[in-house]
Every structure is written in structure tokens, then in C-alpha cells.
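This is what each chain is made of:
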Amino acid sequence: MLFEAISTLHIIHHQSSIINYPLSITLIDPMAGSGTFSLEAAYMANGLIPGKCRDFALKHQPAFKQATWNHIVSQSSSLREEPSLLTSAVGSGSHTIAKIITSDISEKAIGIITHNVECCPLAPSTTGEQAAPTVNPQCRDFFSYTAKEIADACPGDAQPVMLLNPPYGKRLDFDAPKLYSKIGKKLSELARALEPLGKHLTVGILAPKDDSRDGSKFTCTGNLLSEFPELDPARNPRAKKIATSHGGIGLNALFTKV
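These notes cover the structure that comes with them.

1. Digging into the overall build of the protein
Turning to step 1, where the next piece is worked out: Along the protein, the regular secondary structure elements total eight helices and seven strands.
Turning to step 2, where the next piece is worked out: Looking at the 258 residues of the protein, the share that counts as buried comes to 45%.
Turning to step 3, where the next piece is worked out: Of the roughly 13100 Å² that the protein leaves accessible, carbon and sulfur atoms contribute 54%.

2. So, the packing of helix 7 (residues 176-194) against helix 8 (residues 220-227)
Turning to step 1, where the next piece is worked out: Two numbers describe how helix 7 lies on helix 8: the axes approach to 7 Å, and their chain directions differ by 25°. Classified by the interaxial angle, the pair formed by helix 7 and helix 8 is roughly parallel. Helix 7 and helix 8 meet at a crossing whose hand is right-handed. Across from Ala176, Pro177, Lys178, Tyr180, Ser181, Ile183, Gly184, Lys185 and Ser188 in helix 7, the residues of helix 8 making contact are Cys220, Asn223, Leu224 and Glu227.
Turning to step 2, where the next piece is worked out: The residue inventory of the contact of helix 7 with helix 8, partitioned by class, reads six nonpolar, four polar and three charged.

3. A look at the pairing of strand 4 (residues 159-164)
Turning to step 1, where the next piece is worked out: Here strand 4 lies mainly inside the structure; six of its six residues are buried.
Turning to step 2, where the next piece is worked out: Burial along strand 4 is two-sided: the face carrying Gln159, Val161 and Leu163 and the face carrying Pro160, Met162 and Leu164 are both buried.
Turning to step 3, where the next piece is worked out: Judged from the four bridges that link them, strand 1 (residues 24-29) and strand 4 form a sheet pairing that is parallel. Note on strand 4: the bridge partner recorded for Thr26 is Pro160.

4. Considerations on the pattern of salt bridges
Turning to step 1, where the next piece is worked out: Counting across every chain of the model gives three salt bridges.
Turning to step 2, where the next piece is worked out: Taking the shortest distance from any N to any O, the salt bridge between Arg235 and Asp232 comes out at 3.1 Å.

5. Points about the packing of aromatic side chains
Turning to step 1, where the next piece is worked out: By the definition in use, this model includes two aromatic pairs.
Turning to step 2, where the next piece is worked out: Arranged with centres 6.0 Å apart and planes meeting at 55°, the rings of Phe64 and Trp69 form a pair that is tilted.
Turning to step 3, where the next piece is worked out: Between the NZ or CZ atom of Arg140 and the centre of the ring of Tyr145, over which it lies, the distance is 3.9 Å.
Turning to step 4, where the next piece is worked out: Looking at Lys182, its charged tip hangs above the ring of Phe143, at a distance of 4.4 Å from the centre.

6. Quick look at the pairing of strand 1
Turning to step 1, where the next piece is worked out: When you tally the buried positions in strand 1, you get six out of six residues, the bulk of the element.
Turning to step 2, where the next piece is worked out: Of the two faces of strand 1, the one carrying Ser24, Thr26 and Ile28 and the one carrying Ile25, Leu27 and Asp29 are both buried.
Turning to step 3, where the next piece is worked out: Looking at chain direction, strand 1 and strand 2 (residues 96-104) are connected through six bridges and run parallel. From the neighbouring strand, Thr26 faces strand 2, where its bridge partner is Lys99.

7. Focus on the nonpolar core
Turning to step 1, where the next piece is worked out: Among the nonpolar cores identified, the biggest contains 33 residues, and Met162, Leu164, Tyr180, Ile183, Leu187, Leu224 and Leu231 are the most heavily contacted of them.
Turning to step 2, where the next piece is worked out: At the level of secondary structure, the elements contributing two or more residues to this core comprise helix 6 (147-152), strand 4, helix 7, strand 5 (202-208), helix 8 and strand 7 (249-257).
Turning to step 3, where the next piece is worked out: Among the elements that make up this core, the one with the highest residue count is helix 7 (eight residues).
Turning to step 4, where the next piece is worked out: When residues no more than four places from it in sequence are discounted, the contact partners of Leu164 are Pro30, Met31, Phe37, Phe142, Leu187, Val203, Gly204, Ile205 and Leu206.
Turning to step 5, where the next piece is worked out: Membership of the second largest hydrophobic core comes to 15 residues, among which are Ile25, Ile97, Val161 and Leu163.

8. A word on the side chain of Ser181
Turning to step 1, where the next piece is worked out: With respect to the helices and strands, Ser181 occurs in helix 7.
Turning to step 2, where the next piece is worked out: For Ser181, a relative accessible area of 19% corresponds to the buried category.
Turning to step 3, where the next piece is worked out: Within the local environment of Ser181, its side chain forms a polar contact with the side chain of Asn223, the two groups lying 3.1 Å apart.
Turning to step 4, where the next piece is worked out: Beyond its immediate sequence surroundings of up to four residues, Ser181 is in contact with Asn223 and Glu227.

9. What to know about the sheet that holds strand 5
Turning to step 1, where the next piece is worked out: Spatial strand order, 3-2-1-4-5-7-6: seven strands in an open sheet with mixed pairing. The sheet is open, and its two edges are formed by strand 3 (138-139) and strand 6 (240-246), each paired on a single side.
Turning to step 2, where the next piece is worked out: Each of strand 2 and strand 3 is contacted by helix 5 (residues 107-119), which is oriented at about 140° to strand 2, the strand it contacts most.
Turning to step 3, where the next piece is worked out: Here helix 8 sits on the sheet and contacts strand 5 and strand 7; the angle it forms with strand 5, its principal contact strand, is near 150°.

Calculation rules
- Residues numbered from 1 in each chain as written.
- Predicted model: local features only at pLDDT ≥ 70, side-chain atom pairs only at ≥ 80, totals over all residues.
- Heavy atoms only, no water.
- Helix = DSSP H or I, 4+ residues; strand = E, 2+ residues; numbered from the N terminus.
- Buried < 20%, exposed > 50% of the residue type's maximum accessible area, 1.4 Å probe, protein only.
- Areas by Shrake-Rupley, 256 points an atom, 1.4 Å probe, with all protein chains shown as cover.
- Axes fitted to C-alpha atoms, helices over the stretch in contact; angles between N-to-C directions.
- Parallel < 35°, antiparallel > 145°, perpendicular 65-115°, else oblique.
- Left-handed = near helix turned anticlockwise from the far one by under 90°.
- Contact = heavy atoms within 4.5 Å.
- Nonpolar A, V, L, I, M, F, W, Y, C, P; charged D, E, K, R; others polar.
- Pairing = 2+ DSSP bridges.
- Salt bridge = Lys/Arg side-chain N within 4 Å of Asp/Glu carboxyl O.
- Phe/Tyr/Trp six-rings, centres within 6.5 Å; stacked < 30°, edge-to-face > 60°.
- Lys NZ or Arg CZ within 6 Å of the ring centre and 35° of its normal.
- Core = buried A, V, L, I, M, F, W, Y, C linked by side-chain atoms within 4.5 Å.
- Polar contact = N/O pair within 3.5 Å; in protein donor to acceptor, adjacent residues only side chain to side chain.

In C-alpha cells form, the structure reads like this:
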């Protein structure tokens, strides 16, 4: 499962980047894997602390104190009780995560997401209002998404935010740079097609850092930016790149609003 710290960073960054949008966002997680992006977003939308239901490794250390842990959790049990935790990160706008679309091409991944949802129940609505969004994974290919269906999933002033965690490292048994070229081309096509529909795509994606050694052809980030230059901070002042890592693999977290 993708580290919650990375996924929460993506979500908070994107909420802050669309602060001028008047109402809400539809979060699209089309390469969901184990569903971390979607689950973290659902926790935030429901006012819960992300990762609250996880069994962290530190809880099995000799120095771990259950009473202290219980006190910390009880003091931070809900983002609704401490709205500043979220508003300080994303600003004072009225935008919300109104809908979450979760999918993956792998049936096995969909089973894992479903299991993770069942193991981490989201808070039910206690206000009598419409319940905050939850996670209902579907098995489908990212490349099958169309601009029209994305626009239709964003009613009114809602705007689409797409977060992608494509395969990398041992998960790839084929031409990785070619895959990232294909992803960049698809994102560019979607962004262009959404504009006439009144929607402006915000994108966040994790891509392996390029191998800088002479003669190396492992250029996933380079291929992605070649096809979708809007993600390149050198060519788009609104784009951002954050260096990070996961499982010992160097990654670039790339963000932009088209």
C-alpha cells in the first residue's frame, strides 16, 4: 500500500491548488492499486484522521505505550472537531471532496480495495444531510476514460482532480518509459477535451526518477513530461515537482492545474 504520507500530501496539495474553485471537486483515482488515494480522500471528506484504522509498526515496538496512543487518538479523533487541521493546509475556501471515482485494471486490485474499505469503515453521516463520499471501486482501464464522462461526474461548478500512482519498480515487467509516454499523451488529450466542457483538469502523478547515467533509456519522468508538458515546472509556472521515494525507489510527485 502506498504510504499514507505521500497520498495525503497529494490530496492536500490538490485541494489547496483549486482554492479559487467555488464549490467542490470530483476525485478520480484511475490506477488505484490498493486504494490508498481514494481511502485517504474518503477519510478527509468524512472528517476522519487518515490512517486511523491502520496497524502501525510502531505499535509493536517494546517502548510503545498503548495508553499514550489511545490518548493521542482520542484527542485527534475527528477533523470535524479540529477544522484548523484541514483549513490551515487548504485555506478557507468552501471547496469539498464531493465525489470519489475509484478504478483499476486489475480485478485482484479491486478485491484488495474492497477488503480495505471493509476493514476501515468510514464514519456514517450524523447530520441527516447527504453522506460524504465513500469508495466504490470498479474494474476498468485508465485509458478508457473519456472527457465527457469525467465532466458528467463533476456537476455544477465541481472540477475534476485526477491522482495517478502508475506501476513502477518490480510491478513493471515491460517497457516502463513507453507506458509513461502513453499516460502523458492520455492526460494531455483529456485536459484539452475537458476545456470546451467547462472543466479544468488538475493532475497529480508519481513517476520514477530518470536514470541520469549516460546511455540510460530509463526516462519515465522525461517521457511523461514530453507528452504532457503542462506537468513540467520548467515550462509551466503552475506545475510543481516534489522529490520523494517509496520502497527505496526515487520518485517525482508532479502536480499541475491545466
